[in-house]
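# Close look at the chain arrangement
The chain contents come next:
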Amino acid sequence: MAENLRAPKGTFDLLPPQGDVFLRVRELMGQYAQRAGYGYIETPTFEDTSLFVRGVGESTDVVAKEMYSFTSKGDDQLTLRPEGTASVMRAILEHGLHKGALPVKLWYSGSFYRYERPQAGRYRHFSQVGAEAVGSDDPTLDAELIITAMDIFSSLGLQRVSLLLNSLGDHTDRPAYRDALVAFLDTLDLDEATRERVKLNPLRVLDDKRADVKEQLVNAPVMADFLSEANQEHYDTVRSLLRTAGVEWIESPHLVRGLDYYTRTAFEFVHDGLGSQSAVGGGGRYDGLASSIGGPDIAAVGWALGVDRTILAMQAEGLLKESASSVDVFAVPIGAECAAVAFDLVTQLRRAGVSADLAVDGRGLKGAMKAADRSGATLALVIGERDLADGSVQLKTMETGEQVSVPLAQVVSDVINTLKLSKDGRNQQ
Ligand code: AMP
């Protein structure tokens, strides 16, 4: 197939019914954030490149290798956003939200772009829902976000999501840990690129997925042994709140996050059915971000959930039913004269809040009934010339084949009542 008829490498189209599943999952994530008091924010899909360079960190893979950066016609250096947090913080600082009531609690949803090596669950264009609580270092917010995310996963029916938890300390205690870690890493047998990484950001070496490196890291010093009293207390409070909420976690002393700005609580949500790309979400505290992009010191915590991978996790747990996107009512006009009446009835139904569709292209009865079947509708409105002459149409219950004649003027109310009865019936079963 011609190149221009194929989606670019690492991207994919979402078609119904998967597209409808995607929308539902994304909406549910947002609903849970809203329920916890987070307001919706939408920022541009591109920003000044320098925002990400400073906010995400030059030594990260995201900035060093994965950004879609370009020069605009006006010579601006821009980048398609690889993540959401830096943009949210930029917007907060730009509009002075941090000078108002704190914490500022915001959630977002949208597309993100990273030039990664595509594989199952790793794309160049992907979708995240994120939530950020900015302007407070209260551990309640760390716990609130973690609990909300775990509740989102369980409300989707997912049972195999684990929470990995760690504390990364901050500028008060991390330097001592960093020194101890570097001293340890210097004794290991590492390749040149990894040695470079030890110099730039030793914590991220802990994140190395290669077996021979992992093996050598087993006895690496852990941040937990270096936490200051205040950071230990913060971490203890987060864990105690999680315990009260019935949220379990796996203590993960080697968990670091891919982005540079994280401090104290760090967490990841992983699913065991996804192979190597197992993270369905992650986040943590990033008290250092605001100042690194030129703002004042502002404490903050947040997460981003991967919508695409959450859906893959649902698939792995057999939670995606193969159902077509469906409407409640499907109208089947038999003959050209009936088409306009069918169209009018469908319009009336839609305006009354009923999902309705109709056969088009002047299809015969057989083809039109097939379309009604495919539509997944509970009811079909069969509109034939003879019935119309009497001022009525046939209302057919698809499951039983039962059919009653209904006067035109009563179609909308009868449809609503019948749908209500069939829904009540289903609920009682
Ligand atoms: P991060 O911003 O890297 O912490 O990512 C947060 C979540 O977004 C991850 O846990 C994934 O679920 C998802 N994600 C990140 N990168 C990708 C990608 N390239 N393709 C699909 N999902 C991704």
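All figures in this text were calculated on a predicted structure; none of them were measured in a lab. (Residues numbered from 1 in each chain as written. Predicted model: local features only at pLDDT ≥ 70, side-chain atom pairs only at ≥ 80, totals over all residues. Heavy atoms only, no water.)

### Side note on the pairing of strand 14 (residues 379-383)
Burial analysis of strand 14 places 5 of its 5 residues in the buried class, the great majority of the element. Here strand 14 shows no split at all, with Leu379, Leu381 and Ile383 on one side and Ala380 and Val382 on the other all buried. Where strand 14 lies against strand 15 (residues 392-397), 4 bridges are found, and the strand directions are antiparallel. Within the sheet, the bridge partner assigned to Ala380 lies in strand 15 and is Lys396. (Buried < 20%, exposed > 50% of the residue type's maximum accessible area, 1.4 Å probe, protein only. Helix = DSSP H or I, 4+ residues; strand = E, 2+ residues; numbered from the N terminus. Pairing = 2+ DSSP bridges.)

### What about the pattern of salt bridges?
Side-chain pairing between opposite charges can occur once the charged atoms of the two side chains come close. For the structure shown, the criterion picks out 19 salt bridges. Glu3 serves as the salt-bridge partner of Arg6, at 3.7 Å between the closest nitrogen and oxygen. Overall, the relative accessible area of 47% leaves Arg6 in the partly exposed class. A salt bridge links Arg197 to Asp61, with the nearest nitrogen and oxygen atoms 3.3 Å apart. Placement of the pair is Arg197 in helix 7 (residues 192-200) and Asp61 in helix 3 (residues 61-65), with a sequence separation of 136 residues. Here Asp61 falls in the partly exposed class, since its relative accessible area comes to 28%. Put simply, Asp137, Asp142, Arg264, Arg285 and Asp287 are held in one network by salt bridges that share partners. (Salt bridge = Lys/Arg side-chain N within 4 Å of Asp/Glu carboxyl O.)

### Some words on the packing of helix 1 (residues 18-35) against helix 5 (residues 139-155)
Running from N to C, helix 1 and helix 5 point in directions that differ by 140 degrees, and their axes come no closer than 10 Å. When the axis of helix 1 is compared with that of helix 5, the two are oblique. Considering the relative orientation of helix 1 and helix 5, their crossing is right-handed. Between helix 1 and helix 5, the contacting residues are Leu28, Met29, Tyr32 and Ala33 on the first element and Thr148, Asp151, Ile152 and Ser155 on the second. Across the contact of helix 1 with helix 5, the residue classes tally to 5 nonpolar, 2 polar and 1 charged. (Axes fitted to C-alpha atoms, helices over the stretch in contact; angles between N-to-C directions. Parallel < 35°, antiparallel > 145°, perpendicular 65-115°, else oblique. Left-handed = near helix turned anticlockwise from the far one by under 90°. Contact = heavy atoms within 4.5 Å. Nonpolar A, V, L, I, M, F, W, Y, C, P; charged D, E, K, R; others polar.)

### Quick look at the sheet that holds strand 13 (residues 356-358)
Adjacent strands of a sheet form backbone hydrogen bonds with each other and so pair up, either parallel or antiparallel. Ordered by their spatial adjacency, 5 strands build an open sheet running 13-12-14-15-16, and the pairing between neighbours is mixed. Looking at the sheet topology across the chains shown, the edges are occupied by strand 13 and strand 16 (403-407). Geometrically, the sheet is characterised by an average inter-axis angle of 25 degrees between neighbouring strands, direction not taken into account. In terms of strand pairing, strand 15 meets strand 16 through 5 bridges, oriented antiparallel.

### Describing the side chain of His98
Summarising the element assignment, His98 is placed in the loop between helix 4 (85-94) and strand 5 (104-113). Residues in contact with His98, not counting those within four places in the same chain, are Ile92, Leu93, Val104, Pro296 and Ile298.

### Comments concerning empty space enclosed by the protein
In the structure shown here, the tally under the stated rule is 1 cavity of 30 Å³ or more. Approximately 40 Å³ is the volume attributed to the largest cavity. As for the largest cavity, its lining consists of Ile41, Glu42, Thr43, Arg81, Val88, Tyr108 and Ser109. (1 Å grid on protein atoms, 1.4 Å probe; cavity = no way out; pocket = protein on both sides within 12 Å on 5 of 7 lines; lining within 4 Å. Points joined across faces, edges and corners; volume = space filled by probe spheres on them.)

### Observations concerning the site of the ligand
If you check the shell around the ligand, you find 14 residues, and the closest are Arg114, Glu116, Tyr123, Arg257 and Ala279. Between the ligand and Gly281 there is a distance of 3.0 Å, counted from an oxygen atom to a backbone nitrogen or oxygen. Across the complex, the protein chains shield 91% of the 480 Å² of accessible surface that the ligand would expose by itself. Among the secondary structure elements, those contributing two or more residues to the shell around the ligand are strand 6 (125-134), strand 10 (279-285) and strand 11 (300-306). Of the residues that constitute the shell around the ligand, the class distribution is 5 nonpolar, 4 polar and 5 charged. (Near = heavy atom within 4 Å. Polar contact = N/O pair within 3.5 Å; in protein donor to acceptor, adjacent residues only side chain to side chain. Areas by Shrake-Rupley, 256 points an atom, 1.4 Å probe, with all protein chains shown as cover.)

### Some remarks on the domain arrangement of the chain
The domains assigned to the chain are domain 1 (18-173 + 227-316) and domain 2 (329-418). Computed over C-alpha atoms only, the centres of domain 1 and domain 2 are separated by 48 Å. (Domains from an automatic or database assignment.)

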